[in-house]
Amino acid sequence: MVDTKFDQLLDFPCYQTFKIMGVADESLPSVVVNCLQNHAPDDYSPTIKPSSKGNYHSLSIRVRVTSKDHMETIYTELSSLELVRVVL
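None of these values were measured; they are calculated from a predicted model.

Below, the discussion takes up the nonpolar core. Here is a general trend for soluble globular proteins: nonpolar side chains tend to be buried in one another's company. With 23 residues, the main nonpolar core has Phe18, Ile20, Val32, Val63 and Leu78 as its most contacted residues. Secondary structure elements with two or more residues in this core: strand S1 (14-23), helix H2 (28-39), strand S3 (56-65), helix H3 (68-79) and strand S4 (84-87). For this core, the leading source of residues is H2, giving five residues. Those residues in contact with Leu78 that sit more than four places away from it in its chain are Phe18, Ile20, Val32, Cys35, Leu36, Val84 and Val87.

This is the structure:
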């Protein structure tokens, strides 16, 4: 598990924008949203931007997080997805 300082930096619950960089696959947004629905159910509409060469997509999604552990779990779960390369 990641040991972060989120609890010192943020007042929970709050909204956090996650940036997910992944393979330019048409299923990437739905895979990411399905993962988020398991941990923070909501009505998501990610912003998607393709990379300059079109090999990757960047998704920005605003998520309501309730605690440091909740946020770390979301980072970990998103990072473990096969199509995802980086989560910020």
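A word on the packing of H2 against H3. Between H2 and H3, the least distance of the axes is 10 Å, while the angle of their chain directions is 150°. Relative to H3, the element H2 lies roughly antiparallel. Two packed elements cross with a definite hand, and for H2 against H3 that hand is right-handed. Packed against H2, whose contacting residues are Val32, Cys35, Leu36 and His39, the element H3 presents His70, Thr73, Ile74, Glu77 and Leu78 at the interface. By residue class, the composition of the contact of H2 with H3 is five nonpolar, three polar and one charged.

So, how was this worked out
Residues numbered from 1 in each chain as written. Predicted model: local features only at pLDDT ≥ 70, side-chain atom pairs only at ≥ 80, totals over all residues. Heavy atoms only, no water. Core = buried A, V, L, I, M, F, W, Y, C linked by side-chain atoms within 4.5 Å. Buried < 20%, exposed > 50% of the residue type's maximum accessible area, 1.4 Å probe, protein only. Helix = DSSP H or I, 4+ residues; strand = E, 2+ residues; numbered from the N terminus. Contact = heavy atoms within 4.5 Å. Axes fitted to C-alpha atoms, helices over the stretch in contact; angles between N-to-C directions. Parallel < 35°, antiparallel > 145°, perpendicular 65-115°, else oblique. Left-handed = near helix turned anticlockwise from the far one by under 90°. Nonpolar A, V, L, I, M, F, W, Y, C, P; charged D, E, K, R; others polar.

Read these as layout, nothing more, since geometry by itself doesn't imply function.
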